[in-house]
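Survey of secondary and tertiary structure
Chain residues, written in single-letter form:
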Amino acid sequence: MHNAVSVLDLFSLEGRSVVVTGAGSGLGKAIAEATAEAGGNIVCAGRSAATDVIASEIQSSGGRAVAQRTDVTDEQAVEALMQRAVDEFDALDVVFCNAGSSDYFKRPHEVSLDEWGDVIATNLTSVFLCAKHAVRHMLPTRSGKLVLTASIWGEIGADSASVPGYAAAKGGVINLTRELAVEYANDGLTVNALSPGFFSTNIGQDKEVDSAIIDRLVDGALRRMPTGRIMDPDEIKGASVFLASRASDALNGHILTVDGGLLAA
Ligand SMILES: NC(=O)c1ccc[n+]([C@@H]2O[C@H](COP(=O)([O-])OP(=O)(O)OC[C@H]3O[C@@H](n4cnc5c(N)ncnc54)[C@H](O)[C@@H]3O)[C@@H](O)[C@H]2O)c1
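Residues numbered from 1 in each chain as written. Predicted model: local features only at pLDDT ≥ 70, side-chain atom pairs only at ≥ 80, totals over all residues. Heavy atoms only, no water.

**Looking at the site of the ligand**
So the rule is basically this: Here, proximity means that at least one heavy atom of the residue falls within 4 Å of the molecule or strand. Throughout this description, a polar contact denotes any pair of N or O atoms lying within 3.5 Å of each other; where both atoms belong to protein, one of them has to be capable of donating a hydrogen while the other can accept it, and for residues adjacent in sequence the pair is counted only when both atoms sit in side chains. Here the open area of atoms and residues is found with the Shrake-Rupley method and a 1.4 Å probe, where only the protein chains shown may cover a residue. Each helix is a run of DSSP H or I of at least 4 residues and each strand a run of E of at least 2, with the numbering of both proceeding from the N terminus. Each residue gets one of three labels, nonpolar for Ala, Val, Leu, Ile, Met, Phe, Trp, Tyr, Cys and Pro, charged for Asp, Glu, Lys and Arg, and polar for the others, Gly among them.
Every one of the 27 residues lining the ligand counts as a neighbour, but L27, N98, Y166, F199 and T201 are closest to it. Within the backbone of N98, an N or O atom sits 2.7 Å from an oxygen atom of the ligand. Alone, the ligand offers 820 Å² of accessible surface; in the complex the protein occludes 93% of this. Put simply, the parts of the chain that give the shell around the ligand at least two residues each are α2 (26-37) and α6 (164-184). Split by residue class, the shell around the ligand holds nine nonpolar, 15 polar and three charged.

Set out below in structure tokens:
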């Protein structure tokens, strides 16, 4: 043994200040729960009251968490979010840039410029803003971890639904991960991405989408998944704690695909 840190200690987030955007539901909720259970102090960020509920639930189960209502497309709100973590927990150690929403499921030639802009703002510009304002707090301490949520649809074309803006945004998140990783490698930061496959969450529920499109999407997902099932949000927990913790210190610019083997098939 070269040092006294046990392998399990490498995964501990004890006392780390962790921001999770989109913490009110789905993958963000699971990430907030997991990082709290690993010992982190969590700022649950999101647009809705659900964020307050998650923070309360974490507190009730003995963890430390606060809620901050944040629209991640609003730069001032994002700046205030990162400051809140520092004010509340004296540091900013880990930021999950996770909030996002679905596309409008229209074929590319039917997408309006407003719809395109909305999807890019929510899924790509928001991630840039979170990274920008997180890094400003991390540079002086020469430490910090960013974890960006991408998607397998940023890695391959989607065959069961038309998602041009979402695919472009998530592809952007993937290469933004690499660009940030290289840029800040000598500043003591790491930047990695989670790239989820198909998980059962609230995604898409904020859009009015024809049920036939949803049925095709679900059928396509089930057909492509080697396991034949859509995953539960809890199944992102292990990968999220790994990327937030010292266990992943040697990874930088890595895209960790969590897809039950879909891209391998
Ligand atoms: N569910 C999947 O199968 C899947 C697959 C690949 C990637 N993803 C990505 O995972 C992330 C989480 O999505 P999810 O599946 O958990 O869906 P979800 O809808 O359950 O959660 C997304 C959360 O982000 C919040 N949000 C949306 N826009 C926001 C904004 N402007 N400001 C603040 N919060 C905002 C929503 O309120 C919601 O709480 C997203 O980036 C999504 O693109 C999901």
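**Focus: empty space enclosed by the protein**
Inclusion rule: Using a 1 Å grid laid over the protein atoms alone, points where a 1.4 Å probe fits but cannot get out form a cavity; open sets with protein on both sides within 12 Å along at least 5 of 7 lines form a pocket; any residue with an atom within 4 Å of a point counts as lining. Grid points are joined across faces, edges and corners, and a volume is the space filled by probe spheres set on the points.
Under the defined criterion, the tally for this structure stands at one cavity of 30 Å³ or more. Considering only enclosed or pocket space, the largest cavity measures out at about 30 Å³ in volume. Lining the largest cavity, in full, are I152, W153, I156, D159, S160, F198, R224 and L262. Considered class by class, the residues forming the lining of the largest cavity number five nonpolar, one polar and two charged.

**Focus: the confidence of the model for the chain**
The predicted coordinates ought not to be read in detail in places where the model reports low pLDDT. The test is simple: The quantity called pLDDT is the predictor's confidence in a given residue, expressed from 0 to 100.
Across the chain, pLDDT averages 96, with 99% of residues at or above 70. Averaged pLDDT values for the elements of the chain fall to 90 in helix α7 (residues 211-224) and rise to 99 in strand β4 (residues 94-97).

**Some thoughts on the environment of A65**
The line we're drawing: Residue contacts are defined here by distance: any two heavy atoms, one from each residue, within 4.5 Å place the two residues in contact.
Tracing the backbone through its elements, the reader meets A65 in strand β3 (residues 64-69). C-alpha of A65 to C-alpha of G40: the two residues are 25 residues apart in sequence and 8.6 Å apart in space. Setting aside its immediate chain neighbours within four residues, A65 contacts I42, C44, A55, I58 and Q59.

**With respect to the pattern of salt bridges**
Put simply, the rule reads: The salt bridge criterion pairs a side-chain nitrogen of Lys or Arg with a carboxyl oxygen of Asp or Glu, the two atoms within 4 Å.
Evaluation of the coordinates by the stated rule reveals twelve salt bridges. The partner of E115 in a salt bridge is K106, and the shortest N-O contact between them spans 2.6 Å. Measuring nitrogen to oxygen at the nearest pair gives 3.6 Å for the salt bridge that ties D159 to R224. Taken together, the residues D159 in the loop between β5 (144-149) and α6 and R224 in helix α7 connect sequence positions 65 residues apart. One continuous salt-bridge network, built from bridges that share partners, spans K29, E33, D234 and K237.

**Brief notes about the sheet that holds β4**
For clarity, the cut-off: DSSP-based pairing: two strands are paired if at least 2 bridges between them are found. Only C-alpha atoms enter the line fits that serve as axes; for helices the fit covers just the stretch in contact. Angles between N-to-C directions range over 0 to 180 degrees.
Pairing is parallel in the open sheet, where seven strands are placed in the order β3-β2-β1-β4-β5-β6-β7. Bordering the open sheet on either side are β3 and β7 (255-258), each of which pairs with just one other strand. When strand polarity is set aside, the average angle formed by the axes of neighbouring strands in this sheet is 20°. Pairing of strand β1 (residues 17-21) with β4, which is carried by three bridges, proceeds in the parallel orientation. Its bridge partner being in β4, V18 is matched across the sheet by V94.

**Focus on α7**
Definition in use: Multiplying one less than the number of residues by 1.5 Å gives the expected span of a helix. Here's how the labels work: a residue is buried when its accessible area is under 20% of the maximum for its type, exposed when over 50%, partly exposed in between, all with a 1.4 Å probe on protein chains only. Directions from the helix axis toward the C-beta atoms define the arc.
Taking 1.5 Å of rise per residue, the 14 residues of α7 would be expected to cover 20 Å, and the 20 Å separating its terminal C-alpha atoms lies within 8% of that figure. I213, L217, G220 and A221 are the residues of α7 that are buried. Taken end-on, α7 shows its buried residues confined to a sector of 100°, consistent with a single buried face. Its side-chain oxygen 3.0 Å from the backbone nitrogen of A212, D210 forms the N-cap of α7.

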